[in-house]
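# Observations on the three-dimensional arrangement
For reference, the chains in residue letters:
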Amino acid sequence: MVTDTTKEEERIYDILRKVKDPEIPVLTIEDLGILRGVSIDNGELIVKITPTYNGCPAMDMIRRYVLLALEEEGYENARVELILSPAWTTDWISEEARQKLKDYGIAPPQGDSRDKRSLLGLDTKLECPHCGSEDTVLVSHFGSTACKAQYKCNECKEPFEYFKCH
Amino acid sequence: MNQSLFKYSLHLGDNALIIGHRLSEWCGHGPVLEQDIALTNIALDFVGQARMWFQYAGEIEGKGRTEDDLAYLRLERDYTNCLLTEQTNGHWGKTILRQYLYDVYNYQLYEDLMESQDERIAAIAVKSIKEIAYHREFSTDWLYRLSGGTEESQQKMQEALDELYHYAGELVEHFSWEQELAQQGLIQRRENPGEAYFSIINHEMDRAGLDVPYDRPMQTGGRTGLHTEHMGFILTELQYMQRTYPGVEW
């Protein structure tokens, strides 16, 4: 029985790992580290997700996407649980996902979130995701979503977004 | 129920909600687009933090009150946010100064809360501290930019400090019932939070070339529900939808 449950949990995880982030559709909720696990407890299906930033409005949307993806595969009455600990960090974003971000035109997070200077974006040297130049400059600490800052490239003159180290 | 823990969570939620609401008033009014976006982003972080504290307070109370009930359906005297958080935005420099006074306190507070033996409090604090550090960086950056800017910008920052400094003392005010929580290890308080806080503030103001109005007595009252005249106006706007269309959802 234990094995059956585990297999089922794995199958469900496989469905959910394809769910895309509503703000950055090139990444999945697994890529971002938002999807924290799936469990079946006494027949109840529980999906654990963790918020990126506290006020991120995408969380409600992600909850809906999760339920929708499950419904399409015939899983109803799932419960989506929001967990706070361990606190989400960009350190969980894989190398592959960072490359996907870059290809999409967003500079991926630089440095380790345990390093205060990386966290605050101090001496963060970014490569322009459009032309690859390192001659880039911070325009604003904040951007179109809670997780991004705005930069511009002095070489190709294009503005771009930076996914902040967090 | 742990009445003190309920009160404390509510207080943290109120502070975050009211300063978040004030910042959100800048939406569409920032001096330039980037700064408009910055303040609304910070507002969003605060409202997110408020939600976590209200959810927790509702659970502790155990009467079925939701985060929305606590945020929207209390009376003015039941809100225990500090007076500083409800002060008007004024000009850009005044908002920055209010934010700076608050961010320094907030960072110090959450650093302490991360050590709480209450798992939920510690989790909320660990989750929030990175956002708060970023806020503090932003307001400090602007504090220096404006105080070291033109004669006019410096004068405006001085006026803002004269207007707001006497509300800062309440941030580190200590209540006897909090002692209980500290003894239980639920809230961790450094030895002398007031001293730690003001040594930073006074030093930084000095560095920024601003004169600290030491002679003005500190104003308190917010934490016991006695607010400045601004609070009623905030609640009128904040609660409008819930009072007009009870139970309305986004």
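What follows covers the environment of Gly58 of chain B. Along the chain, Gly58 of chain B turns up in helix α2 (residues 33–61). In this structure, the C-alpha to C-alpha distance between Gly58 of chain B and Leu235 of chain B, residues 177 residues apart in sequence, is 20 Å.

Quick look at a negative patch on the surface now. Residue and element names in this part refer to chain A. Among the surface-exposed residues, Glu71, Glu72, Glu73 and Glu76 lie close enough to one another that they form a single negatively charged patch. On the secondary structure map, Glu72 appears in helix α2 (residues 58–72). The class of Glu72 is exposed, set by a relative accessible area of 66%.

Attention now goes to the interface of chain B and chain A. Each partner contributes residues to the interface: chain B has 24 residues there, and chain A has 27 residues. Of the roughly 2,300 Å² buried at the junction of chain B and chain A (both faces included), carbon and sulfur atoms supply 62%. Among the residues of chain B in contact with chain A, Lys127, Lys130 and Tyr134 of chain B are the three that bury the most area, contributing 35% of the side total. Contributions of two or more residues to the side of chain B that touches chain A are made by α2 and α6 (119–147) of chain B. Sort the elements by how many residues they give to the side of chain B that touches chain A and α6 of chain B lands first, with 13 residues. For the side of chain B that touches chain A, the residue count by class is twelve nonpolar, four polar and eight charged.

Right, let's talk about the pattern of salt bridges for a bit. A full pass over the atoms with the stated rule returns 22 salt bridges over all chains. The shortest N-O distance in the salt bridge between Glu25 of chain B and Arg22 of chain B comes to 2.9 Å. Note that Glu59 of chain B is salt-bridged to Arg120 of chain B, the shortest N-O span being 2.9 Å. Within this pair, whereas Glu59 of chain B is found in helix α2, its partner Arg120 of chain B is found in helix α6, the two being separated by 61 residues in sequence. For Arg120 of chain B, a relative accessible area of 23% puts it in the partly exposed group. One connected set of salt bridges, linked through shared partners, spans Asp14, Arg17 and Glu30 of chain A.

Before going further, it helps to examine the packing of helix α1 (residues 3–24) of chain B against helix α10 (residues 230–238) of chain B. All names here are of chain B. Packing of α1 against α10 brings their axes to within 11 Å, and their N-to-C directions diverge by 80°. With respect to α10, the element α1 is oriented roughly perpendicular. Residues Leu17, Ile18, His21 and Arg22 of α1 lie in contact with α10, whose contacting residues are His230, Met231, Ile234, Glu237 and Leu238.

The next subject is the environment of Glu111 of chain B. All names here are of chain B. Considering the arrangement of structural elements, one finds Glu111 in helix α5 (residues 92–113). Classification of Glu111 as partly exposed rests on a relative accessible area of 31%. Considered as a pair, Glu111 and Arg190 are 79 residues apart in the sequence and their alpha carbons are 9.5 Å apart. Excluding residues within four positions of it along the chain, Glu111 makes contact with Ile129 and Arg190. A distance of 3.1 Å separates polar atoms of two side chains, one belonging to Glu111 and the other to Arg190.

Sheet strands line up and pair through hydrogen bonds in the backbone, either parallel or antiparallel. Residue and element names in this part refer to chain A. What the four strands build is an open sheet, ordered β4-β7-β6-β5; its pairing is mixed. For this open sheet the edge positions go to β4 (106–107) and β5 (136–140), each flanked by a neighbour on one side alone. Of the strand pairs in this sheet, β4 and strand β7 (residues 159–163) are connected by two bridges, and their pairing is parallel. Pairing of Ile106 across the sheet is with Glu161, part of β7.

A contiguous nonpolar patch, built from Tyr240, Met241, Tyr245 and Val248 of chain B and spanning about 410 Å² of accessible area, is present on the exposed surface. With respect to the helices and strands, Tyr240 of chain B occurs in helix α11 (residues 240–244).

Let us now look at the pairing of strand β3 (residues 79–82) of chain A. Residues and elements named next belong to chain A. As paired strands, strand β2 (residues 44–49) and β3 are joined by four bridges and run parallel to one another. Each residue of the ladder has a partner; that of Ile46, found in β3, is Arg79. Once you follow β2 into α2 and on to β3, the crossover reads as right-handed.

The pLDDT averaged across chain B works out to 96; a share of 100% of its residues lies at or above 70. Model confidence for the complex is summarised by a pTM of 0.95, with the ipTM given as 0.90.

Cut-offs and rules
- Residues numbered from 1 in each chain as written.
- Chains lettered and ligands numbered in written order.
- Predicted model: local features only at pLDDT ≥ 70, side-chain atom pairs only at ≥ 80, totals over all residues.
- Heavy atoms only, no water.
- Helix = DSSP H or I, 4+ residues; strand = E, 2+ residues; numbered from the N terminus.
- Patch = residues over 30% accessible without salt bridge, like charges linked within 9 Å, V, L, I, M, F, W, Y side chains within 5 Å.
- Areas by Shrake-Rupley, 256 points an atom, 1.4 Å probe, with all protein chains shown as cover.
- Salt bridge = Lys/Arg side-chain N within 4 Å of Asp/Glu carboxyl O.
- Lys, Arg positive; Asp, Glu negative; His and termini not counted.
- Charge placed at Lys NZ, Arg CZ, Asp CG, Glu CD.
- Buried < 20%, exposed > 50% of the residue type's maximum accessible area, 1.4 Å probe, protein only.
- Contact = heavy atoms within 4.5 Å.
- Buried area = accessible area lost by both parts, 1.4 Å probe.
- Nonpolar A, V, L, I, M, F, W, Y, C, P; charged D, E, K, R; others polar.
- Axes fitted to C-alpha atoms, helices over the stretch in contact; angles between N-to-C directions.
- Parallel < 35°, antiparallel > 145°, perpendicular 65-115°, else oblique.
- Polar contact = N/O pair within 3.5 Å; in protein donor to acceptor, adjacent residues only side chain to side chain.
- Pairing = 2+ DSSP bridges.
- Right-handed = clockwise from strand over helix to strand, strands pointing away.
- pLDDT = per-residue confidence, 0-100.

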